[in-house]
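A structural walkthrough
The lines below spell out each chain.
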Amino acid sequence: FAERLTTAEEFDKYLGKATQEIAKKLHQMLITNTPVDFGTLQAFWQTEENYSYLVEKTKNGYEITLINKAIYALWVNDGHKQRPGRFIPGHWEGNHFRYDPNADEGMVLKKPWVQGRFFVETSILQVENSVVIEKIINTQLQKWFRWCINGK
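Digging into the overall build of the protein chain
- Of regular secondary structure, the protein chain possesses five helices and nine strands.
- Put simply, the protein chain runs from its N terminus to its C terminus through helices and strands in the order α-α-β-β-β-β-α-β-β-β-β-β-α-α.
- Taking 15 Å as the expected radius of gyration for a compact globule of 152 residues, we find that the protein chain reaches 22 Å, considerably beyond that expectation.
- Considering only C-alpha atoms, the protein chain reaches an extent of 75 × 30 × 25 Å along its principal axes.

Quick look at the structure:
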């Protein structure tokens, strides 16, 4: 038991699994919270290795990279400057404007600043403030303790 209890590699394996499960939950929240005003931003969320949630152990803990391939994702999240008076081709669908480079109609930008939507920060807070992380970690720690006691 004492030997298994001090086996760091096995402990790392269980913490890595917990990290993967937390990343999956965060990935789901990012997709849910990402605005769909422009159509494709939500679909561009992916992980570093095509949804495999590869865990990298660092000096500060464990990391998994989640990526949004849309070049404008940061602008939508954080907000951005724009040039008032600029014409954007597209059309309105209800309350949402859809960009369409081939459209004859469109809109003229009026404000010099577009407020950020902060969907990344919102998703992180939702996952951190939920009981999900605690459940995931407790489950993996229980599995690790069972392995320490039984070797299975």
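Quick look at the pairing of strand β7 (residues 96–99)
- As defined by bridge partners, strand β6 (residues 87–93) adjoins β7 across four bridges and the pair is classed as antiparallel. Pairing of W92 across the sheet is with F97, part of β7.
- The turn joining β6 and β7, which pair antiparallel and follow one another in sequence, is formed by two residues; a positive phi near 65 degrees is taken by G94.

Focus: the confidence of the model for the protein chain
- Taken over all residues, the pLDDT of the protein chain has a mean of 86, while the share at 70 or more is 95%.
- At the level of individual helices and strands, the protein chain shows its lowest average pLDDT in helix α1 (residues 2–5), which scores 74, and its highest in helix α4 (residues 119–128), which scores 94.

Here's the deal with helix α2 (residues 8–33)
- The end-to-end C-alpha distance of α2, which contains 26 residues, comes to 37 Å, matching closely the 38 Å that a straight helix rising 1.5 Å per residue would cover.
- Of all the residues in α2, the buried ones are E10, Y14, G16, A18, T19, A23, L26, H27, M29 and L30.
- Each element contacted by the buried residues of α2 is listed here: β1 (45–47), β3 (61–63), β4 (66–68), α4 and α5 (132–150).

Some thoughts on the side chain of S123
- Position of S123 relative to the elements: it lies in helix α4.
- In this structure the side chain of S123 is engaged in a polar contact, spanning 2.8 Å, whose partner is the backbone oxygen of F119.
- In contact with S123, other than residues within four places in its own chain, are L26, M29, L30 and N33.

Structural notes on a nonpolar patch on the surface
- Taken together, the side chains of F1, L5, F145 and I149 make up a nonpolar region of the molecular surface, amounting to roughly 410 Å² of accessible area.
- Here I149 lies in helix α5.
- Its relative accessible area of 56% is what places I149 among the exposed residues.

Quick look at the pattern of salt bridges
- Applying the stated rule across the entire model yields three salt bridges.
- Ionic pairing is found between E10 and K13, a salt bridge with its closest N-O pair at 3.0 Å. Note that E10 and K13 are positioned in helix α2 at a spacing of three residues, about one turn of the helix.
- As a salt-bridge pair, R98 and E93 come within 2.9 Å of each other at their nearest N and O atoms.

What about the nonpolar core?
- Counting residues in hydrophobic clusters, the biggest one holds eleven residues: L26, M29, L30, L41, W45, A70, Y72, A73, V76, F119 and V127.
- Listed by contribution, the elements that provide at least two residues to this core are α2, α3 (73–78) and α4.
- In terms of residue count, α2 provides more of this core than any other element does, three residues in total.
- Apart from residues no more than four positions distant in its own chain, M29 is found in contact with S123, Q126 and V127.

Quick notes on the rules
- Residues numbered from 1 in each chain as written.
- Predicted model: local features only at pLDDT ≥ 70, side-chain atom pairs only at ≥ 80, totals over all residues.
- Heavy atoms only, no water.
- Helix = DSSP H or I, 4+ residues; strand = E, 2+ residues; numbered from the N terminus.
- Rg over C-alpha atoms; globule rule 2.2 N^0.38 Å.
- Pairing = 2+ DSSP bridges.
- pLDDT = per-residue confidence, 0-100.
- Expected span 1.5 Å × (residues − 1).
- Buried < 20%, exposed > 50% of the residue type's maximum accessible area, 1.4 Å probe, protein only.
- Contact = heavy atoms within 4.5 Å.
- Polar contact = N/O pair within 3.5 Å; in protein donor to acceptor, adjacent residues only side chain to side chain.
- Patch = residues over 30% accessible without salt bridge, like charges linked within 9 Å, V, L, I, M, F, W, Y side chains within 5 Å.
- Areas by Shrake-Rupley, 256 points an atom, 1.4 Å probe, with all protein chains shown as cover.
- Salt bridge = Lys/Arg side-chain N within 4 Å of Asp/Glu carboxyl O.
- Core = buried A, V, L, I, M, F, W, Y, C linked by side-chain atoms within 4.5 Å.

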